[in-house]
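Topology and contacts: notes
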Amino acid sequence: MQVPLLDLRAQYAPLKKQFMSAIEEVCDSQALVLGPKTEAFEKAVAAYCGAPHAIACSSGTDAQLMLLMALGIGPGDAVLTTPYTFFATASSISRVGARPVFADIDPVTYNLCPRSAAEVLKKTPNVKAIVPVHLYGCCADMAAFVELGKAHGIPALEDAAQALGASHPLGGAGAISEAGWFSFYPTKNLGAFGDAGMVVCRDDTLAKKLRALRNHGMEVRYYHQWIGGNFRIDAIQSAVLSVKLPHLDTWSAGRRERAAVYRKAFASLPLTLPVEPWAASGLANHHIYNQFIVRTPKREALRTHLTAAGVATEIYYPLSLHQQACFRDLGYREGDFPESERAARETLALPIFPELTSDQQNYVISKVAEFFA
Ligand SMILES: *Cc1c(COP(=O)(O)O)cnc(C)c1O
């Protein structure tokens, strides 16, 4: 048997007719960029996550870039984030001319550790924002980060690229603090037919500036208030995403059910399973399992065993960001963030998606059990 990490065709097939008619509407209208489909999608996501404003754009990476630009973060500034995340979280900080500053992660949740963040903040000048990431679809400790931000007079901005639909006692992922962003890259829980992203925020003035920056910093055509970029979203992506959004909660429930099956099956194995830090809140989607991550010092051998058996796995992420070649000039060294480095050595993502069949999942479970037998 072959079990993929994610099977996008299984999600596409039952909705094919709806996708085609939504795409056809865009083609017939020839309103190809932004347009009414995008406005409708923005309204729908704003209502879904509980944010006053939603600004759809070209990717999750551009969403963050655009937000940092809108906040006026640039040369001479620093932004505090986690070294255990997708590259874009840190590179967007560099791309506006600011310096990414890292703090270590909590080894249990893999999210930025508030205590470590507080220590780094104390000794680092010019930090203009804190960027926790809701890694794998589970919210970071936002109450702590919002407090920490308040104490330093800076915002806590949410990288919710992997977490649309995840809930936290303080609100929906992305809409907990003053601003956050989503990615609609195809492997995210809500995936476009290509690249797309979105910023959500509370402040009216910030939202207005984001809309302008998305389109070369102009509010009146060809009069440029700011230097923005082409961060526009294609109408086809908005149309496709609007078809998918009403299904997202059902898909998240499907992921959660499969996570529960893994959890039960692996309970007696020497394998560290994902935690659900907000479970006690009683919220439905406190973890939406964009990835199901297990941890073992035997990660490489387990992966080799599963690959040989036809089970796809992935490593998110094999190298902590402070050790990346392109960030060498930040001056970090191996050992600076031991928990992030250890997570990079020991974690493995197993197949999880709403359409994963019980046959497929049982096969994965049997192959993992076989490895530890
Ligand atoms: C996917 C992802 C991004 C970037 O989103 P793109 O749409 O691929 O540009 C940023 N941060 C995290 C944590 C991600 O997982």
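Structural notes on the packing of helix α6 (residues 114-123) against helix α7 (residues 142-152)
Helix-helix packing is described using two parameters, namely the angle between the two axes and the distance between the axes. The interhelical angle for the contact between α6 and α7, taken along N-to-C directions, is 15°, at an axis separation of 10 Å. The angle between the axes of α6 and α7 places the two elements in the roughly parallel class. In terms of crossing hand, the pair formed by α6 and α7 is right-handed. Counted together, Pro114, Ala117, Ala118 and Leu121 of α6 and Ala144, Phe145, Leu148 and His152 of α7 form the full contact between these two elements. In terms of residue class, the contact of α6 with α7 is made up of seven nonpolar, one polar and no charged.

Points about the site of the ligand
Taken together, 15 residues sit near the ligand, with Gly60, Thr61, Gln162, Ser183 and Lys188 positioned nearest. A distance of 2.9 Å separates an oxygen atom of the ligand from a polar atom in the side chain of Lys188. Protein contacts shield 92% of the accessible area of the ligand, which totals 380 Å² for the unbound molecule. A molecule is said to occupy a pocket when more than half its atoms come within 2 Å of that pocket's grid points, and by this definition the ligand occupies the largest pocket. Of all elements in the fold, only α4 (60-70) and α5 (88-95) reach the threshold of two or more residues within the shell around the ligand.

A few points about empty space enclosed by the protein
What the rule picks out here adds up to two cavities of 30 Å³ or more. Here the largest cavity is characterised by a volume of approximately 90 Å³. Together, 14 residues line the largest cavity, and Thr109, Tyr110, Pro274, Val275 and His287 are the ones closest to its centre. In the lining of the largest cavity, the residues fall into 10 nonpolar, four polar and no charged. Counting residues domain by domain, the lining of the largest cavity receives three or more from each of domain 1 (8-246) and domain 2 (247-372). Approximately 80 Å³ is the volume attributed to the second largest cavity. If you trace the second largest cavity, you find 14 residues lining it, with Leu6, Leu8, Gln11, Arg255 and Pro354 closest to the centre. Those elements that provide at least two residues to the lining of the second largest cavity are α1 (8-12) and α10 (248-265). Classifying every residue of the lining of the second largest cavity gives six nonpolar, three polar and five charged. Each of domain 1 (8-246) and domain 2 (247-372) contributes no fewer than three residues to the lining of the second largest cavity.

Describing the domain arrangement of the protein
Under the domain assignment, the protein is made up of domain 1 (8-246) and domain 2 (247-372). Centre-to-centre separation of domain 1 and domain 2, based on C-alpha positions: 23 Å. The interface is formed by 47 residues belonging to domain 1 together with 38 residues belonging to domain 2. Summed over both sides, the interface between domain 1 and domain 2 buries roughly 3,700 Å², with carbon and sulfur atoms accounting for 64% of that surface. Taken together, the connections running from domain 1 to domain 2 amount to 22 residue pairs in polar contact (both at pLDDT 80 or more). At the level of secondary structure, the elements contributing two or more residues to the side of domain 1 that touches domain 2 comprise α1, α5, β3 (99-102), β6 (167-168) and α9 (235-244). Top contributing element to the side of domain 1 that touches domain 2 by residue count: β3, with four residues. Here the residues of the side of domain 1 that touches domain 2 are counted per class, giving 29 nonpolar, 13 polar and five charged.

The rules behind each value
- Here the residue numbering is sequential within each chain, running from 1 through the sequence in written order.
- Residues qualify for local features only when their pLDDT is at least 70, as the model is predicted, and side-chain atom pairs are given and counted only at 80 or more; totals for whole chains, interfaces and linings, by contrast, use all residues.
- Think of the side-chain values as coming from all heavy atoms in the structure, minus any hydrogens and water.
- Orientation is described by lines fitted to C-alpha atoms, with helices fitted over the stretch in contact, and by angles between N-to-C directions that extend from 0 to 180 degrees.
- Strands here mean DSSP runs of E at least two residues long; helices mean DSSP runs of H or I at least four residues long; both are numbered from the N terminus.
- Note on angle classes: values under 35 degrees are labelled roughly parallel, values over 145 roughly antiparallel, values of 65 to 115 roughly perpendicular, and the remainder oblique.
- Crossing handedness is read from the near helix: turned anticlockwise from the far helix by less than a right angle, it gives a left-handed crossing, and turned clockwise, a right-handed one.
- Any two residues having at least one pair of non-hydrogen atoms within 4.5 Å are treated as being in contact.
- For this classification, the nonpolar set comprises Ala, Val, Leu, Ile, Met, Phe, Trp, Tyr, Cys and Pro, the charged set comprises Asp, Glu, Lys and Arg, and every other residue, Gly included, is treated as polar.
- The nearness test applies per residue and asks whether one of its heavy atoms lies within 4 Å of the molecule or strand.
- Counting of polar contacts relies on pairs of N or O atoms within 3.5 Å, with two restrictions inside protein: one atom must be capable of donating a hydrogen and the other of accepting it, and residues adjacent in sequence are counted only when both atoms are side-chain atoms.
- Surface accessibility in these figures is a Shrake-Rupley result with a 1.4 Å probe; residues are shielded only by whichever protein chains are displayed.
- Only protein atoms enter the 1 Å grid used here. Points where a 1.4 Å probe fits but cannot escape make up a cavity, open sets with protein on both sides within 12 Å along at least five of seven lines make up a pocket, and a residue lines them when an atom lies within 4 Å of a point.
- Those molecules having more than half of their atoms within 2 Å of a cavity or pocket grid point set are described as sitting in that cavity or pocket.
- Grid points are joined across faces, edges and corners, and a volume is the space filled by probe spheres set on the points.
- Boundaries of every domain are those given by an automatic assignment or by a domain database.
- Two parts placed together each lose some accessible area; with a 1.4 Å probe, that loss summed over both constitutes the buried area.

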